[in-house]
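Coordinate inspection notes
Here's the letter readout for the chains.
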Amino acid sequence: MFQERISDAEFNRFKDFIYDRAGIRLSDEKKTLVTSRLSKRLRHYSMTSFGTYFDLMTELGREKEQQIVIDLLTTNETFFFREPKHFEFLANDIIPTLNRNKRFRVWSAASSTGKEAYSVAMLLDDKLNNNLWEILGSDINHTVLQEAALGLYQQDRIDGIPADYLKKYCFKGKDEFEGKLLIDKGLIDRVKFIYVNLTLPLDEFGTFQLILLRNVLIYFDNETKSQIIKKVVLKLESGGFLFIGHAESLKGFTHGLIRISSSIYKKP
Ligand SMILES: C[S@@+](CC[C@H](N)C(=O)[O-])C[C@H]1O[C@@H](n2cnc3c(N)ncnc32)[C@H](O)[C@@H]1O
């Protein structure tokens, strides 16, 4: 297929744009990725130059196009029950200690398509029989947020879902939904998804006893990472837990949190 070429100068303009808007640091190795992800926008406008497309996209009044670029340049890989140790910790170490008269609030802070939030929802519905829980999912990417709100997925990488949860909370589509997996409506109604850019001041959406900030810190430089952790810690209640991805680290940026394990932190 015909592939438009991006010059170093053009690549740097997109690199600065995504850093400025989302805090994401793209390394020079990401040139091919940027080219392949944005090529369809050039074709949409019948353009052959990334520079011309950049000029158009950054014009005043082109916020929708700018959001499309943000959606295309964020990496949204996720799957159900990813990093199972966190779900074991939630089931064995957090849930048994909860005050059953208090609403348990969870924030999936870079939720992508919502598979993380629905995995937590399945566990909470199963283990907490008081219905006193709620989950907020948020992301900077509009496309994944729409998918999350629908709770309708391709039936791939579902092997992490425990067999009894698959039976109880997931429905395999037929006819036009062949190959799709639909989350139980009761769970969809309990999980809310909103747009949150973690690099901006956070809105007033309450505090949480558990925050999952997993597999997103890797995209930020140390300064951005530290600022985000500081804001997220303010959203965590005393005694609450923060989960980060297993490949990530809070070294030097714990902002008063106590380390329970390499990817689990507690607010004293
Ligand atoms: C790799 S996914 C991780 C999804 C999920 N937490 C998991 O571990 O499976 C990273 C997500 O972070 C989001 N993201 C990147 N920068 C962000 C920012 N500045 N604010 C909010 N979300 C951001 C991306 O859109 C993407 O959906």
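Quick caveat, the model's predicted, so the values are computed rather than measured.

Let's shift gears to the packing of helix α1 (residues 8–22) against helix α3 (residues 50–57). With their axes 9 Å apart at the nearest point, α1 and α3 run at an angle of 30 degrees to one another. Of the possible angle classes, the one that applies to α1 and α3 is roughly parallel. Our pair here, α1 against α3, has a crossing hand that is left-handed. For the pair α1 and α3, the contacting residues are E10, R13, F14 and F17 in the first and F50, G51, Y53, F54, D55 and M57 in the second. Tallied by class, residues from the contact of α1 with α3 come to six nonpolar, one polar and three charged.

Here we come to the site of the ligand. As a structural note, the neighbourhood of the ligand is formed by 23 residues, with T78, R82, A110, D139 and N215 the closest of them. Separating an oxygen atom of the ligand from a side-chain N or O atom of T78 is a distance of 2.6 Å. Contact distances for the ligand include 2.9 Å between a nitrogen atom and a backbone N or O atom of L198. Out of a free accessible area of 610 Å², the ligand has 99% covered by protein chains. Along the lines of polarity and charge, the residues of the shell around the ligand split into nine nonpolar, nine polar and five charged.

Another aspect to go through is the domain arrangement of the chain. For the chain, the assigned domains read domain 1 (8–73) and domain 2 (84–266). Each of domain 1 and domain 2 was reduced to a C-alpha centroid, and the two centroids are 29 Å apart. Across the boundary between the two partners, domain 1 contributes nine residues, which contact eleven residues of domain 2. In this assembly, domain 1 and domain 2 are joined by one salt bridge. Linking domain 1 with domain 2 are eight residue pairs in polar contact (both at pLDDT 80 or more), by the criterion used here. Put simply, the parts of the chain that give the side of domain 1 that touches domain 2 at least two residues each are α1 and α4 (63–73). Class assignment for the residues of the side of domain 1 that touches domain 2 results in four nonpolar, two polar and three charged.

Mapped onto the secondary structure, S111 falls in the loop between β1 (104–108) and α6 (115–127). Residue classification places S111 among the buried positions, given a relative accessible area of 1%. Leave out the neighbours within four places in its chain, and S111 touches G137, S138, D139, L145 and F193.

The next point concerns the nonpolar core. Judged by nonpolar contacts, the single largest core of 46 residues is most densely connected at F14, W107, L213 and L242. Where this core is concerned, the elements lending two or more residues are α1, α2 (31–44), α3, α4, β7 (208–213), α10 (222–234) and β8 (236–244).

The seven strands are arranged β6-β2-β1-β7-β8-β10-β9 in an open sheet whose pairing can be described as mixed. With one partner strand each, in any of the chains shown, β6 (191–195) and β9 (258–261) form the two edges of the open sheet. Strand-to-strand, the axes of this sheet are offset by a mean angle of 20 degrees, without reference to chain direction. Where helix α7 (residues 142–150) meets the sheet, it contacts β2 (133–139) and β6, and its direction lies at approximately 165 degrees from that of β6.

Inspection of the entire model under this criterion finds 16 salt bridges. Between D55 and R13 there is a salt bridge, with the nearest N and O atoms lying 2.6 Å from each other. Note that D55 is positioned in helix α3 and R13 in helix α1, a separation of 42 residues in sequence. By relative accessible area, D55 is classed as partly exposed at 41%. In this structure R13 comes out as partly exposed when scored by relative accessible area, which is 32%. Ionic pairing is found between K102 and E237, a salt bridge with its closest N-O pair at 2.6 Å. Here E237 lies in strand β8 and K102 lies in the loop between α5 (84–94) and β1, a separation of 135 residues in the sequence.

Evaluation of the coordinates by the stated rule reveals 16 aromatic pairs. Centre to centre, the rings of F14 and F54 are 5.0 Å apart; their planes meet at 90 degrees, and the pair counts as edge-to-face. Placement of F14 in helix α1 and of F54 in helix α3 is noted, with a sequence separation of 40 residues between them. Relative accessible area serves as the criterion here: at 0%, F14 is assigned to the buried category. A ring pair is formed by F81 and F87, whose centres lie 4.9 Å apart and whose planes are at 55 degrees; its orientation type is tilted. With respect to class, F81 is no different from F87; both count as buried. Three or more aromatic residues joined by ring pairs make a cluster, and in this case those are F14, F17, Y45, F50, Y53 and F54. The residue whose ring lies beneath K235 is F205, and the NZ or CZ to ring-centre distance is 4.2 Å.

Definitions and cut-offs
- Residues numbered from 1 in each chain as written.
- Predicted model: local features only at pLDDT ≥ 70, side-chain atom pairs only at ≥ 80, totals over all residues.
- Heavy atoms only, no water.
- Axes fitted to C-alpha atoms, helices over the stretch in contact; angles between N-to-C directions.
- Helix = DSSP H or I, 4+ residues; strand = E, 2+ residues; numbered from the N terminus.
- Parallel < 35°, antiparallel > 145°, perpendicular 65-115°, else oblique.
- Left-handed = near helix turned anticlockwise from the far one by under 90°.
- Contact = heavy atoms within 4.5 Å.
- Nonpolar A, V, L, I, M, F, W, Y, C, P; charged D, E, K, R; others polar.
- Near = heavy atom within 4 Å.
- Polar contact = N/O pair within 3.5 Å; in protein donor to acceptor, adjacent residues only side chain to side chain.
- Areas by Shrake-Rupley, 256 points an atom, 1.4 Å probe, with all protein chains shown as cover.
- Domains from an automatic or database assignment.
- Salt bridge = Lys/Arg side-chain N within 4 Å of Asp/Glu carboxyl O.
- Buried < 20%, exposed > 50% of the residue type's maximum accessible area, 1.4 Å probe, protein only.
- Core = buried A, V, L, I, M, F, W, Y, C linked by side-chain atoms within 4.5 Å.
- Pairing = 2+ DSSP bridges.
- Phe/Tyr/Trp six-rings, centres within 6.5 Å; stacked < 30°, edge-to-face > 60°.
- Lys NZ or Arg CZ within 6 Å of the ring centre and 35° of its normal.

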